[in-house]
Structure formats: structure tokens, C-alpha cells
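Close look at the chain arrangement
One-letter residues, chain by chain:
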Amino acid sequence: PEAAAEAEGTPERSYREQLDYLNPIAQPLASRKLTRKLYKCIRKAAKHKQIRRGVKEVQKFINKGEKGITVLAGDTLPIDVYCHIPIMCEDRSIPYAYVPSKSDLGAAAGSKRPTCVIMIKPHEEYQETYDECLEEVEALPLPL
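A few points on the structure. Remember, predicted model here, so these are calculated numbers, not experimental data. (Residues numbered from 1 in each chain as written. Predicted model: local features only at pLDDT ≥ 70, side-chain atom pairs only at ≥ 80, totals over all residues. Heavy atoms only, no water.)

Before going further, it helps to examine the nonpolar core. Within the largest apolar cluster, 25 residues are counted, with the highest numbers of intra-cluster contacts made by Leu38, Ile42, Ile69, Val71, Leu105 and Ile120. Examining the composition of this core, we find that 7 residues originate from one element, helix α3 (residues 32-47), more than from any other. Setting aside residues no more than four positions away along its own chain, Ile120 makes contact with Leu38, Cys41, Ile42, Ala45, Gln50, Ile51, Gly68, Ile69, Val71, Tyr126 and Tyr130. (Core = buried A, V, L, I, M, F, W, Y, C linked by side-chain atoms within 4.5 Å. Buried < 20%, exposed > 50% of the residue type's maximum accessible area, 1.4 Å probe, protein only. Helix = DSSP H or I, 4+ residues; strand = E, 2+ residues; numbered from the N terminus. Contact = heavy atoms within 4.5 Å.)

See the structure below:
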């Protein structure tokens, strides 16, 4: 059973367990259901090479005015490495959400390395999944 879970890209720790490792700025946090949807969308986007991964790359494309959903890992420490990204997103009204685990975020993007931020770009191949995620991420309350 472990090998099957590994192949499917399901997290080793449950969502509830991952919540213990969150850093103080992980707001708005995606629900368990939305987290799954986001991973699914990231997997589809990665297949079509429609993702930006890593702080530098995401930052560069936010500055260029690219649109998409920004997904950040809530267990990244120190927070200084990426705490400016949500502010950049808010300035350009790009929706963003936190998911509990950087290793799951990296796995969803098809890489063996954990990653602390990913931007999903819209693409007609997975437009439905993307729109669903977009709607739910935009519905999340922004931290004050």
C-alpha cells in the first residue's frame, strides 16, 4: 500500500498532521479539499509546462504581470525567503493560497525537491479544474 500511495503523489502525513508545522504567515490556508484540487491542477499544469516554480521565477513573472493562481507552502522556514510574494500578489490582485506542505507541493509539480511557491497559469487543457480552483481561492478571506 505504501508504494501505491507514493506513486499517486499522496502526502505521507495527513492534512491534519501537516497543520502542526505551519508558519505564522500561512493565511489564507486552503482547506483539505481545496488543497487536493490545487495539487491536481498543478499536476495537470506541470504536464503542459504551465507552471512557474520557485521564489525567483514566480517573482519575475508576477513583476512581468503574468496572471495565475499562486500556491505557497505553509511550512516554509525561515519565512523571510518568500513573505514578500503575497504582498506582490495582492498589489496585482493575483489570487493566492497556502497549502500545508512544501514537499507535497514539489511532488505535485513533478519534482523530487520540495518547493515553497508555485504559480499555475491558465490553459485550455485544464480550464475547468483551473476555474474551480480560482473560484475557491478567490473566495478565501485575505489576512488583514
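Its identity is not glycine, yet Ser93 carries a phi of approximately 45°, on the positive side. Secondary-structure assignment places Ser93 in the loop between α5 (85-91) and β3 (96-99). Under the relative-accessibility criterion, Ser93 is labelled exposed at 60%.

Here we come to the packing of aromatic side chains. As enumerated under the stated definition, the model contains 1 aromatic pair in all. Each ring, one from Tyr96 and one from Tyr98, has its centre 6.4 Å from the other, and the planes form 80°; the classification is edge-to-face. A cation over a ring is seen here: Arg52 above Phe61, with NZ or CZ 3.6 Å from the ring centre. (Phe/Tyr/Trp six-rings, centres within 6.5 Å; stacked < 30°, edge-to-face > 60°. Lys NZ or Arg CZ within 6 Å of the ring centre and 35° of its normal.)

Throughout the structure, instances matching the rule amount to 3 salt bridges. Here Lys37 makes a salt bridge to Glu136, at a shortest N to O gap of 2.5 Å. Here Lys37, found in helix α3, pairs with Glu136, found in helix α7 (residues 127-139); they are 99 residues apart in sequence, far enough to count as distant. When salt bridges with common partners are traced through the structure, they connect Arg52, Glu57 and Glu66 into a single cluster. (Salt bridge = Lys/Arg side-chain N within 4 Å of Asp/Glu carboxyl O.)

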